[in-house]
Amino acid sequence: MKNYTSINDIENINSWIEEAKEIKANPLKNKKLGKNKTLGLLFFNSSLRTRLSTQKAALNLGMDPIVMNVSGDAWGIEFGDGTVMNGNTAEHIKEAAAVVSQYCDVIAVRAFPSLTDKEKDESEQVLNSFVKFASVPIVSMESATGHPLQGLTDAITLAENSTKKKPKVVLSWAPHVKTLPHAVANSFTQAMQKMDVEFVIANPEGYNLSKEITKDTPIYHNQEEAFKDADFVYTKNWSSYDDYGKILEVDSDWMITKNKIGDAKFMHCLPVRRNVVVEDAVLDSDSSLVIEQANNRTFAAQLVLKKILENL
Ligand code: CP
C-alpha cells in the first residue's frame, strides 16, 4: 500500500481486522520493521488521540516520530496553483511537501474542512496536495471528508465486541453546540458498508450525509425506530451537508440516553461533550466502548504503517 487516505484503501476489511487483532496481541512483534524510518506527523488542527496513538504505533514499529503543529508553528502554506503570494502565506505546498519528504519516510497529515466551501472541502486540497507533491507515502489523520484511521479502529472494535454473526449497527446523529465535520460519520459509514452488519443511519431531517457516502444505506429520521433491536449505537454529531456546514433547528431531542439505547453497546470517536451528545449514564456504564475504541487507535495506525513500511 502506498498511501492510506480513505477507507476505500482497505482491500479486505475482515483480513485487516484479523491482522489488527494479531498486532494488538503482540504489539512489539514488528519492532525492527521501522528501524531508521521517520514518521512525520503534521497537524493543521487539534488532536489528542490521533496525535498520541499514531506516535505510539510508530514507536511500536521501531520508527522515529516527529511532530509539528503546522498551523501557528510553520510558515503559512499556500495551496493555490499560480497564486501571487503577496498575502499571508509564505511558503508553497510544492516546496513544503518536497522538503518534509526529505526528512520523513512517511508523512501523516490532519487537515479539517472549512465547512464554508463544500466544493473546496470535497476537493481535499490539503491532503491531495501532500499526495501530489510529497515523494513519500501519505496517511490521513483526518481530512475534510474522511477519518480512515478512526473508521478502521471502529471496525476493529465492533468486530471484537460483536456476539452475533450479523449485528445491527446504528450510526446516530446527536446534538452539538459547534458546527462539526462529516469525516468521522463518512468513514464509519464506509467501513460498515464493507462489513457483514445490518447498518442503518439515524439523523434529523436536513442532516443526511452525502448520498455519495450513504449510497443505499437506510436512513431513519425517527431515532426510536432506528434503535429498535440495535446491538451497537455509534454516535456522532455532524453539521448539515445539504445546507453546508450549518446547524439547523431540530425539533426533537436526539441526545443519547440509557433509556433510548437499552442494552446496545455505545460507541463514539471522542472527544465527546457529556450531557449534550450523550448522558453520563451511558458513558459511565459497561455498555460504553469509547475507551477501548481509543485504545484501538494505536493498533489501527500500526496496521496501516506496517503495510506502508512493507511496501517501501
Ligand atoms: N477521535 C479522534 O480523532 O480524536 P482526536 O481528535 O483527539 O485525535
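These numbers were taken from a predicted model, which means no experiment stands behind them.

Criteria and thresholds
- Residues numbered from 1 in each chain as written.
- Predicted model: local features only at pLDDT ≥ 70, side-chain atom pairs only at ≥ 80, totals over all residues.
- Heavy atoms only, no water.
- Near = heavy atom within 4 Å.
- Polar contact = N/O pair within 3.5 Å; in protein donor to acceptor, adjacent residues only side chain to side chain.
- Areas by Shrake-Rupley, 256 points an atom, 1.4 Å probe, with all protein chains shown as cover.
- Domains from an automatic or database assignment.
- Pairing = 2+ DSSP bridges.
- Helix = DSSP H or I, 4+ residues; strand = E, 2+ residues; numbered from the N terminus.
- Contact = heavy atoms within 4.5 Å.
- Buried area = accessible area lost by both parts, 1.4 Å probe.
- Salt bridge = Lys/Arg side-chain N within 4 Å of Asp/Glu carboxyl O.
- Nonpolar A, V, L, I, M, F, W, Y, C, P; charged D, E, K, R; others polar.
- Axes fitted to C-alpha atoms, helices over the stretch in contact; angles between N-to-C directions.
- Parallel < 35°, antiparallel > 145°, perpendicular 65-115°, else oblique.
- Left-handed = near helix turned anticlockwise from the far one by under 90°.

## Details of the site of the ligand
At step 1: Inspection of the region around the ligand gives S47, L48, R49, T50, R110, H147, Q150, C269, L270 and R297 as its neighbouring residues.
At step 2: Taking L48, its main chain carries an N or O atom lying 2.7 Å from an oxygen atom of the ligand.
At step 3: For the ligand, whose unbound accessible area comes to 260 Å², protein coverage reaches 93%.
At step 4: Residues lining the shell around the ligand come from more than one domain, with at least three contributed by each of domain 1 (7-146 + 296-309) and domain 2 (148-293).

## Comments concerning the sheet that holds strand β10 (residues 232-236)
At step 1: Spatial strand order, β9-β8-β7-β10-β11: 5 strands in an open sheet with parallel pairing. Edge positions in the sheet fall to β9 (219-220) and β11 (265-267), since each has one partner strand and no second.
At step 2: The pairing of strand β7 (residues 168-173) with β10 spans 5 bridges and is parallel. The residue of β10 that forms the bridge with V169 is F232.

## Considering the domain arrangement of the protein chain
At step 1: The domains assigned to the protein chain are domain 1 (7-146 + 296-309) and domain 2 (148-293).
At step 2: The gap between the C-alpha centroids of domain 1 and domain 2 is 25 Å.
At step 3: Taken residue by residue, the interface counts 32 residues in domain 1 and 33 residues in domain 2.
At step 4: Overall, the association of domain 1 and domain 2 removes approximately 2800 Å² of surface from exposure, summing both partners, and the carbon and sulfur fraction of that is 64%.
At step 5: For domain 1, the biggest contributors to the area lost against domain 2 are I7, L115 and N296; these three give 27% of the whole.
At step 6: For the pair domain 1 and domain 2, the number of links is 2 salt bridges.
At step 7: A salt bridge links E292 to K24; the shortest N-O distance between them is 2.5 Å.
At step 8: Our enumeration of links across domain 1 and domain 2 arrives at 13 residue pairs in polar contact (both at pLDDT 80 or more).
At step 9: Residue assignment for the side of domain 1 that touches domain 2 shows that the elements contributing at least two residues are α1 (13-25), α2 (49-60), α5 (118-122), β6 (138-140) and α13 (290-310).
At step 10: Residues of the side of domain 1 that touches domain 2, tallied by class, amount to 15 nonpolar, 8 polar and 9 charged.

## Section: the packing of helix α7 (residues 148-161) against helix α8 (residues 183-194)
At step 1: With their axes 8 Å apart at the nearest point, α7 and α8 run at an angle of 45° to one another. Accordingly, the angle class assigned to the pair α7 and α8 is oblique. Both α7 and α8 take part in a crossing whose hand is right-handed. Contact residues: α7 offers P148, Q150, G151, D154, A155 and L158, while α8 offers V184, S187, F188, A191 and M192.
At step 2: Classifying every residue of the contact of α7 with α8 gives 7 nonpolar, 3 polar and 1 charged.

## Details of the environment of E91
At step 1: Its place among the elements puts E91 in strand β4 (residues 91-92).
At step 2: For E91 and E78, which are 13 residues apart along the polypeptide, the C-alpha to C-alpha distance reads 6.0 Å.
At step 3: Apart from the residues lying within four places of it in its own chain, the contact partners of E91 are W75, G76, I77, E78, M85 and A96.

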